[in-house]
Amino acid sequence: MEEFTIHPIKTGEFLAAEKSNFTYQQGCGEKFVSPIIMYCIKGRDKVILVDTGGSDEAWAAIHHHGLRRTPDMHPLEGLRKIGVEAKDVEIIVNTHLHWDHCFNNELFPNARIYVQKREMEYAVHPLPVHCVYYESHQVGLTPRWMRAYHRITVVEGDHDLIPGVKLVTLPGHTPGFQGVLVNTSRGRGLVASDCQALFENWEGNAQYDHIPSGIHYSLEDYFATFKKMEKICDFILPGHDPKVFDQEVYP
Ligand SMILES: [Zn+2]
């Protein structure tokens, strides 16, 4: 089967991310600079984006919190550096519809966008504690992913995207969360995004084998997702860990 490479691209940085938002009740009050990561999966003749990053600094300052996005962190600039133009992207996978993972879907005119049905249902009317993450109507906004609504392909459950690349449901962080399982020269890599925002989530600690995100919809689903992940992947790639950039390309 074809082997793919996975390229992390930094599309911005939260300047003072709260650690316990990523690791459930661990590291409360600890702040760190946290990248917003988009991944580009490259094969012989296919380019797949997993997530499309967040907004610019001005939008984030009004609606979210402190973000740095220098010109070289623009998603199209990051892609250009690895030889990919916007028009080359045929497939986008949104792991979930939080604003910092789907804000730039509209920049890729030729892409089909894959989202889980459950995630779309939830995104249009989330619980009050999740409205800002989804930029939903309850906080007076229209989610940015809707600008490319007509190019969305809705999927339900695990789904073979192309040979060697599979969508797998990983509910917990959000109800319709999906990861992307990729065949590589070092086994099955799972782009886990916010399901495992940091490597530490997967590595665990003395108390837990794996640590759920502090931001979640269902902890019960989360622990079932951990069991599923243990069976299906050889390594994971997280959504917000600065250590991801110790390596330019995976595996
Ligand atoms: Zn998220």
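Above this text is the structure in question.
As a starting point, this report considers the structure included with it. None of these values were measured; they are calculated from a predicted model.

**Overview of the sheet that holds strand β9 (residues 165-169)**
Okay, step 1: The five strands are arranged β8-β9-β10-β11-β12 in an open sheet whose pairing can be described as mixed. Each edge of the open sheet is held by one strand with a lone partner, namely β8 (159-162) and β12 (235-238). With strand direction ignored, the average angle separating the axes of adjacent strands in the sheet is 30°.
Okay, step 2: Across four bridges, strand β11 (residues 187-193) lies against β12 in parallel orientation. Opposite V191, over in β12, you have L237 as the bridge partner.

**Points about the coordination of the zinc ion**
Okay, step 1: Protein coordination at the zinc ion: the donors are H96 (NE2), H98 (ND1), H173 (NE2) and D194 (OD), at 2.2 Å from the metal.
Okay, step 2: Note that the zinc ion binds four donor atoms; their angles at the metal cover 94 to 164°, and the shape is irregular.
Okay, step 3: The motif formed by the donor residues of the zinc ion, counted along the single chain, is H-x1-H-x74-H-x20-D. In this pair, H96 is assigned in the loop between β5 (91-93) and α4 (99-102) and H173 in the loop between β9 and β10 (178-184), connecting sequence segments 77 residues apart. Neither H96 nor H173 differs from the other in exposure class; each is buried.

**Section: the pairing of strand β1 (residues 5-18)**
Okay, step 1: The buried fraction of β1 is high, at ten of 14 residues.
Okay, step 2: Of the pairings in the sheet, the one linking β1 to strand β4 (residues 67-68) comprises two bridges and is antiparallel in character. Paired with E13 across the bridge in β4 is R68.

**Focus on the side chain of H101**
Okay, step 1: The residue H101 is located in helix α4 in this model.
Okay, step 2: Judged by relative accessible area, which is 0%, H101 ranks as buried.
Okay, step 3: Engagement of the side chain of H101 in a polar contact is seen with the side chain of D51, the distance being 2.9 Å.
Okay, step 4: A distance of 3.4 Å separates polar atoms of two side chains, one belonging to H101 and the other to H240.

**A short note on the environment of E77**
Okay, step 1: When you line up the elements, E77 lands in helix α3 (residues 75-81).
Okay, step 2: With residues near it in sequence (within four places) discarded, E77 still touches P71 and D72.
Okay, step 3: At 2.8 Å, the side chain of E77 and the side chain of R80 are in polar contact.

**Focus: the pattern of salt bridges**
Pairing between side chains of opposite charge can happen when their charged atoms approach one another.
Okay, step 1: Counted under the stated rule, the structure contains 14 salt bridges.
Okay, step 2: As a salt-bridge pair, R68 and E13 come within 2.8 Å of each other at their nearest N and O atoms. With a gap of 55 residues between them, R68 in strand β4 and E13 in strand β1 connect regions that are remote in the sequence.
Okay, step 3: For R68, a relative accessible area of 34% puts it in the partly exposed group.
Okay, step 4: Under the relative-accessibility criterion, E13 is labelled buried at 10%.
Okay, step 5: A cluster of three or more residues bridged by salt bridges with shared partners is formed by K10, E13 and R68.

Thresholds, definitions, all that
- Residues numbered from 1 in each chain as written.
- Predicted model: local features only at pLDDT ≥ 70, side-chain atom pairs only at ≥ 80, totals over all residues.
- Heavy atoms only, no water.
- Pairing = 2+ DSSP bridges.
- Helix = DSSP H or I, 4+ residues; strand = E, 2+ residues; numbered from the N terminus.
- Axes fitted to C-alpha atoms, helices over the stretch in contact; angles between N-to-C directions.
- Donors = N, O, S within 2.8 Å, 3.2 Å for Na, K, Ca; no water.
- Tetrahedral: all angles 85-135°; square planar, octahedral: opposite > 155°, others 65-115°.
- Buried < 20%, exposed > 50% of the residue type's maximum accessible area, 1.4 Å probe, protein only.
- Polar contact = N/O pair within 3.5 Å; in protein donor to acceptor, adjacent residues only side chain to side chain.
- Contact = heavy atoms within 4.5 Å.
- Salt bridge = Lys/Arg side-chain N within 4 Å of Asp/Glu carboxyl O.

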